[in-house]
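Coordinates in review
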Amino acid sequence: DSGVTQTPKHLITATGQRVTLRCSPRSGDLSVYWYQQSLDQGLQFLIQYYNGEERAKGNILERFSAQQFPDLHSELNLSSLELGDSALYFCASSVVASGGYAGYTGELFFGEGSRLTVL
Amino acid sequence: GNSVTQMEGPVTLSEEAFLTINCTYTATGYPSLFWYVQYPGEGLQLLLKATKADDKGSNKGFEATYRKETTSFHLEKGSVQVSDSAVYFCALLVTGKLIFGQGTTLQVKP
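1. Here's the deal with the interface of chain A and chain B
Listed per partner, the contact involves 21 residues of chain A and 16 residues of chain B. Taken together, the two surfaces of chain A and chain B that pack against each other cover about 1,500 Å², and 57% of this comes from carbon and sulfur. Lys49(B) serves as the salt-bridge partner of Glu107(A), at 2.5 Å between the closest nitrogen and oxygen. The interface formed by chain A and chain B includes six residue pairs in polar contact (both at pLDDT 80 or more). Among the secondary structure elements, those contributing two or more residues to the side of chain A that touches chain B are strand E4 (31–38), strand E5 (42–50), strand E6 (53–57) and strand E9 (87–94) of chain A. Among the elements that take part in the side of chain A that touches chain B, E5(A) stands out by supplying four residues, more than any other. Here the side of chain A that touches chain B is composed, by residue class, of ten nonpolar, seven polar and four charged.

Listed below in structure tokens is the structure:
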């Protein structure tokens, strides 16, 4: 058990719909990351938050958005869903020891993922 | 740009065989390197890491050496077990971003 909790574990929805995935990081971790894992694209970094603020952005579509709340949990919102959005979405958290890049250890703790199926 | 390339899988081995999964990287500066493992139905978990050239990371019988001259970080294990069956991801950390390779599936047969 990594200590990172993701809900829901499975989600089936239709094209054009909107869903919200939720993540609770490990106790004490200020940084939350979202990744998308699909068979054709592999593991793609979407976005990172640190203590409520967006810190880094990866290959995140404009239809997707995320936020981190004061209690440090995070939500990933996916809208106008397309068939190609079907994937496993992982949340990860980490301790960032200090500001700037020097505080990043690369040691991420991953949740078990939310599997999204768009029909 | 920064990227990681892993050997394609799946890799199928018999129990107690020697394992090598190749990983090479392209990066600016001096990245830290990692191997993560994903067991069936689970999230990724850190297996080992190395933060500078010639460092050797090791854990659970797995080893990898940071080779700057060949920009490689190959994963090895002397004797694999069925329980090692999983997907293995090589990754690099540069400018605060952790970039993963495509993953290599390992299947170990009894």
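2. Let's talk about the sheet that holds strand E3 (residues 19–21) of chain B
Residue and element names in this part refer to chain B. Pairing is antiparallel across the open sheet formed by four strands, whose spatial order is E3-E9-E8-E7. Edge positions in the open sheet fall to E3 and strand E7 (56–59), since each of these has one partner strand only. Between one strand axis and the next, the sheet turns through 15° on average, direction left out of account. Pairing analysis gives four bridges linking E7 to strand E8 (residues 62–65), with the strands arranged antiparallel. Bridge pairing in E8 links Gly57 to Ala64.

Criteria and cut-off values
- Residues numbered from 1 in each chain as written.
- Chains lettered and ligands numbered in written order.
- Predicted model: local features only at pLDDT ≥ 70, side-chain atom pairs only at ≥ 80, totals over all residues.
- Heavy atoms only, no water.
- Contact = heavy atoms within 4.5 Å.
- Buried area = accessible area lost by both parts, 1.4 Å probe.
- Salt bridge = Lys/Arg side-chain N within 4 Å of Asp/Glu carboxyl O.
- Polar contact = N/O pair within 3.5 Å; in protein donor to acceptor, adjacent residues only side chain to side chain.
- Helix = DSSP H or I, 4+ residues; strand = E, 2+ residues; numbered from the N terminus.
- Nonpolar A, V, L, I, M, F, W, Y, C, P; charged D, E, K, R; others polar.
- Pairing = 2+ DSSP bridges.
- Axes fitted to C-alpha atoms, helices over the stretch in contact; angles between N-to-C directions.

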